[in-house]
Amino acid sequence: MPAAVIPAAVIPINAAPGRPVTRAFWSLLEIATPGSPVVPYGILLAGEAGGPSAMRFRDAAVMEELLSGDTDEPDEDQADFLDSLADDLAAKSLEAGGLRLMDSLEDSLSHFIRISERTPIAYSGDAQSTADRLFEEHVDATIHKFVTHLPLYSLRAAATRFGEYMDAVEEGWVRVPAKLRPSEEMFVARVVGRSMEPRIPDGSLCVFRAPVVGSRQGRLLLIEMIDLDDASQRYTVKRYARAGHLTEGAEREAPIRLEPLNKDFEAFELTSDRYRVVAEFVQVLTL
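As the structure is a computational prediction, the values presented were derived from the model and not from experiment.

Draft legend 1. Spotlight on the overall build of the protein chain. Scanning the protein chain from terminus to terminus reveals six helices and 15 strands. Within the span of the protein chain, comprising 287 residues, buried residues form 41% of the whole. In the protein chain, the share of contacts with a sequence separation of at least 24, taken over all contacts with a separation of at least 6, comes to 61%. Element-wise, carbon and sulfur atoms account for 50% of the exposed surface of the protein chain, whose accessible area totals about 15,900 Å².

Draft legend 2. View of the nonpolar core. Residues F187, I200, F208, L222, V237 and A279 are the most contacted members of the largest nonpolar core, which totals 20 residues. Of all the elements in the fold, those that place two or more residues in this core are α5 (155-163), β9 (186-191), β10 (204-209), β11 (220-225), β12 (235-241) and β15 (275-286). The greatest single-element share of this core, amounting to four residues, is contributed by α5. Ignoring any residue separated from it by four or fewer positions in sequence, one finds F187 in contact with L150, P151, Y153, A158, F162, C206, V207, F208, A210, L222 and A279.

Draft legend 3. Broad picture of helix α4 (residues 127-138). Taking 1.5 Å of rise per residue, the twelve residues of α4 would be expected to cover 16 Å, and the 16 Å separating its terminal C-alpha atoms lies within 8% of that figure. Within the span of α4, buried status applies to A127, S129, T130, A131, D132, L134 and F135.

Draft legend 4. Representation of the layout of surface pockets. The volume enclosed by the largest pocket comes to roughly 740 Å³. Surrounding the largest pocket, 30 residues form its lining, F57, A86, D87, A178 and K179 being those nearest its centre. Looking at the lining of the largest pocket, the elements with two or more residues in it are β4 (53-57), α1 (60-68), α2 (76-96) and α4. The leading source of residues in the lining of the largest pocket is α2, at seven residues.

Draft legend 5. Spotlight on the pairing of strand β6 (residues 119-123). For β6, the tally of buried residues reaches five of five residues, placing the bulk of the element in the interior. Of the two faces of β6, both are covered, the one formed by T119, I121 and Y123 as well as the one formed by P120 and A122. Both strand β2 (residues 22-31) and β6 contribute to a ladder of five bridges, which runs antiparallel. If you follow R23 over to β6, its bridge partner there is A122.

Draft legend 6. Representation of the pattern of salt bridges within the structure. Within this structure, the stated rule accounts for 13 salt bridges. For the salt bridge of D88 with K92, the shortest nitrogen-to-oxygen distance reads 3.3 Å. Pair noted here: D88 and K92 are both in helix α2, with a separation of four residues, about one helical turn. For K92, a relative accessible area of 41% gives the class partly exposed. For R194, the salt bridge identified is with E197, shortest N-O distance 3.3 Å. By relative accessible area, R194 is classed as partly exposed at 40%.

Draft legend 7. Here's a closer look at the pairing of β2. The element β2 is extensively covered by neighbouring structure, given that seven of its ten residues are classed as buried. Where β2 meets strand β5 (residues 113-115), three bridges bridge the pair, whose relative direction is antiparallel. Pairing of I31 across the sheet is with I113, part of β5.

Draft legend 8. The arrangement of empty space enclosed by the protein in detail. On inspection of all chains with the given rule, the structure shows one cavity of 30 Å³ or more. Considered as a void within the structure, the largest cavity measures approximately 30 Å³ in volume. Surrounding the largest cavity, L44, L45, A46, S53, A54, M55, S93, G98, L101 and M102 form its lining. Looking at the lining of the largest cavity, the elements with two or more residues in it are β3 (39-47), β4 and α3 (98-107).

Draft legend 9. Highlighting the side chain of E280. Position of E280 among the secondary structure elements: in strand β15. Accessibility expressed as a relative area gives 17% for E280, which makes it buried. Here R219 takes part through its side chain, which lies 2.6 Å from a polar atom of the side chain of E280. Setting aside chain neighbours within four positions, we find E280 in contact with V207, F208, R209, V212, R219, L220 and L221.

Draft legend 10. Local environment of α1. Of the residues making up α1, those classed as buried are A60, V62, M63 and L67. Considered in projection along α1, the buried side chains sweep an arc of 155 degrees and stay on one side of the axis.

Draft legend 11. Highlighting the environment of R199. In this fold, R199 is placed in the loop between β9 and β10. A residue is classified by how much of its surface remains accessible, and R199, at 48% relative accessible area, is partly exposed. Taking the C-alpha atoms as reference, R199 lies 8.1 Å from V284; in sequence the two are 85 residues apart. For R199, the residues in contact, after removing those within four places along its chain, are L220, L261, F281 and V284.

Rules used throughout
Residues numbered from 1 in each chain as written. Predicted model: local features only at pLDDT ≥ 70, side-chain atom pairs only at ≥ 80, totals over all residues. Heavy atoms only, no water. Helix = DSSP H or I, 4+ residues; strand = E, 2+ residues; numbered from the N terminus. Buried < 20%, exposed > 50% of the residue type's maximum accessible area, 1.4 Å probe, protein only. Contact = heavy atoms within 4.5 Å. Areas by Shrake-Rupley, 256 points an atom, 1.4 Å probe, with all protein chains shown as cover. Core = buried A, V, L, I, M, F, W, Y, C linked by side-chain atoms within 4.5 Å. Expected span 1.5 Å × (residues − 1). 1 Å grid on protein atoms, 1.4 Å probe; cavity = no way out; pocket = protein on both sides within 12 Å on 5 of 7 lines; lining within 4 Å. Points joined across faces, edges and corners; volume = space filled by probe spheres on them. Pairing = 2+ DSSP bridges. Salt bridge = Lys/Arg side-chain N within 4 Å of Asp/Glu carboxyl O. Polar contact = N/O pair within 3.5 Å; in protein donor to acceptor, adjacent residues only side chain to side chain. Arc of directions from axis to C-beta.

Listed below in structure tokens is the structure:
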């Protein structure tokens, strides 16, 4: 029998007026080991009629700690299985589709992996963000700093924290995709403006890494323009470009070119004493 019985009701998530609504099903996966409590493991989300699917699982190291309980020595076989489980489920979902994966798990229930009854859901937005919200509600809302979450900064706070080596108070912690390996050099900030569309949509939360190591040429960078007093215009994300090669001692005078990705906006140049590179763009999280 399934580990948990969830009412078969349509649960709307972020169904904003005017936005397309996707209908899907979601199920809770749990892990059960002899003599230990059942531990929620993750969420499977499968769209109706071949719609988009997504999933989110606990980090393998976190699961091993939860399942080991008071045992000092981890179960090596169990640890190896957990390390490969998420990748195996993702591969099967990609090959057969989310609904067929649910069918397979429901037909082959084991004492180790359990799956709940499907719950219909209607949501707007993307499938992965919806799976992440279900995960936080039904599996784990714990913030594991720099393991599952990264700090959220305003651009000004980020520039202070990673430029002047001063403590900056984060606005919160944001869960990041399972495939991203967080580090203490990473943070999240919201980018406003259309100059980097379509790569970076207006208003999106983005992951950055500081400091920037190696050549900056052609990379998307968060830059502070230090001669501007208007804080709202002081920070920008642009592609870094420099023509030619610098001679020794020319760094302070040589101009750089900051290029937008949106052709509706123009590039501009700054000399080296008028800008400071704060961090490198890694990826978009969500709007």
